[in-house]
Every structure is written in structure tokens, then in C-alpha cells.
Amino acid sequence: MYVCICNAVTTCQVAQAHAEGADSLRHLREQLGVGTCCGKCCGEARALLRELSAPP
Ligand code: FES
């Protein structure tokens, strides 16, 4: 599923980046371009990061 449609970034790519240490929207922006166009994905990207950071 796409998180950022503008830049065709998927949830899998975000999960991979998170596993490699990306823990903020700034990191996702720098590494994958998330939120650099229309910005509509920022809320969803933050929520996904929270979900990935939550304890199991
Ligand atoms: Fe991510 Fe537009 S959907 S910048």
C-alpha cells in the first residue's frame, strides 16, 4: 500500500527505513521523499512511524 502517492513510497519502504533507524518524518523525507510534494501523507506517515515504534 502507498503511504506517499506523490513519490510512490510504500508502507514496506517506510517499515524498511524504520528498521534501519529512520524514526521521524524528517528522516523519511530525507531518505524516501515522503511529504515533499503535496504533504497530504505527513499525518499517515507519522501514524505509521508511531505504530512501528510501539512495543509489540
Ligand atoms: Fe506524499 Fe503528496 S502524498 S507528498
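The structure under discussion appears in the preceding block.
Residues numbered from 1 in each chain as written. Predicted model: local features only at pLDDT ≥ 70, side-chain atom pairs only at ≥ 80, totals over all residues. Heavy atoms only, no water.

1. Some words on the nonpolar core
For step 1, the next point in the chain: By size, the foremost hydrophobic cluster in this structure holds 14 residues, and its most contacted members are Val14, Leu28, Val34 and Ala45.
For step 2, the next point in the chain: When residues of this core are traced back to their parent elements, those giving at least two are strand E1 (2–4), helix H1 (11–19), helix H2 (25–32) and helix H3 (42–53).
For step 3, the next point in the chain: Element by element, the count of residues in this core is highest for H3, at four residues.
For step 4, the next point in the chain: Residues contacting Val34, with those up to four places away along its chain left out, are Cys4, Val9, Leu25, Leu28, Arg29, Cys41 and Ala45. (Core = buried A, V, L, I, M, F, W, Y, C linked by side-chain atoms within 4.5 Å. Buried < 20%, exposed > 50% of the residue type's maximum accessible area, 1.4 Å probe, protein only. Helix = DSSP H or I, 4+ residues; strand = E, 2+ residues; numbered from the N terminus. Contact = heavy atoms within 4.5 Å.)

2. A short note on the environment of Ala22
For step 1, the next point in the chain: Locating Ala22 in the fold gives a position in the loop between H1 and H2.
For step 2, the next point in the chain: A relative accessible area of 0% places Ala22 in the buried class.
For step 3, the next point in the chain: When the C-alpha atoms of Ala22 and Leu49 are compared, they prove to be 8.8 Å apart, with 27 residues separating the residues in sequence.
For step 4, the next point in the chain: Apart from residues no more than four positions distant in its own chain, Ala22 is found in contact with Ala17, His27, Leu28, Gln31 and Leu49.

3. Points about H1
For step 1, the next point in the chain: Every buried residue of H1 is listed here: Val14, Ala17 and His18. Down the axis of H1, the buried set is contained in an arc of 100°. They therefore lie on one face. The outward face of H1, more than 90 degrees from its buried face, is lined by the exposed residues Cys12 and Ala19.
For step 2, the next point in the chain: On the buried face of H1, the contacting elements are E1, strand E2 (9–10), H2 and H3. (Arc of directions from axis to C-beta.)

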